[in-house]
Amino acid sequence: MIAEKSTGYTLDRETLSIRFERTIDASASEVFDAWTNPAEVTAWWDPDGEPLVTCAIDLRVGGSFSFATRQHSEMPFTGVYREITPPRGLVFEAMGSTGRVVLNEVDGGTHMLVEILCSSAEQLEQFAKMGVAEGTSRTLDNLVAFVGER
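Residues numbered from 1 in each chain as written. Predicted model: local features only at pLDDT ≥ 70, side-chain atom pairs only at ≥ 80, totals over all residues. Heavy atoms only, no water.

J.: Before we move on, could you go through the packing of aromatic side chains and cite the residues and values that matter?
T.: When we look at a pair of aromatic rings, we describe it by the centre distance and by the angle of the planes. Under the defined criterion, the tally for this structure stands at eleven aromatic pairs. With a centroid separation of 6.0 Å and 80 degrees between ring planes, the pair formed by tryptophan 35 and tryptophan 45 is classed as edge-to-face. On the criterion of sequence distance, the pair formed by tryptophan 35 in helix 1 (residues 28-36) and tryptophan 45 in the loop between helix 2 (38-44) and strand 4 (54-57) is long-range, its members being ten residues apart. Ring centres 5.4 Å apart and planes at 50 degrees place the aromatic pair tryptophan 44 and tryptophan 45 in the tilted group. In this structure tryptophan 45 comes out as buried when scored by relative accessible area, which is 16%. Through a chain of ring-to-ring contacts, the aromatic side chains of Trp35, Trp44, Trp45, Phe65, Phe67, Phe77, Tyr81 and Phe92 assemble into a single cluster. (Phe/Tyr/Trp six-rings, centres within 6.5 Å; stacked < 30°, edge-to-face > 60°. Helix = DSSP H or I, 4+ residues; strand = E, 2+ residues; numbered from the N terminus. Buried < 20%, exposed > 50% of the residue type's maximum accessible area, 1.4 Å probe, protein only.)

J.: I'd like a description of the side chain of threonine 139, backed by residues and values.
T.: With respect to the element layout, threonine 139 can be found in helix 4 (residues 132-149). Owing to a relative accessible area of 7%, threonine 139 belongs among the buried residues under this scheme. Separated by 3.1 Å, the side chain of threonine 139 and the backbone oxygen of tryptophan 45 make a polar contact. Apart from the residues lying within four places of it in its own chain, the contact partners of threonine 139 are Trp44, Trp45, Asp46 and Pro47. (Polar contact = N/O pair within 3.5 Å; in protein donor to acceptor, adjacent residues only side chain to side chain. Contact = heavy atoms within 4.5 Å.)

J.: Residues and numbers for the nonpolar core, please.
T.: Grouped together as the largest cluster of nonpolar side chains are 36 residues, with contacts concentrated most on Ile18, Trp35, Trp44, Val101, Met112 and Leu143. In terms of residue count, the dominant contributor to this core is helix 4 (six residues). (Core = buried A, V, L, I, M, F, W, Y, C linked by side-chain atoms within 4.5 Å.)

Rendered as structure tokens:
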């Protein structure tokens, strides 16, 4: 099976990617802010819905970010921004892969595409076994709920 669809994501072995799509009842600018403002990221990033204990964002090309949860404070999620195009999206590198967030305004809201582009088939399989797709899907559901509550 080349592409495997599940609730909330598609794991595509042909493109070595995991894709997530959501429609959010907010402007692209509001969603972009939720991705880039530390106070906002802190509120939704953890898959279990717990606030982050650390959230540092240096929002510039070449700048880094570091997010830590209570459970994994010794192993933060870190990365480097490669492209920043407000309010249309972000590209960053983290965990040896490339993350891409694409925001497009649609009637009454924003269509959000998030992709994790793996560097190899082995990395994609490792991410699948680690539950990256399921965790990211829950995290993005948190984002949708967070933005919708404002």
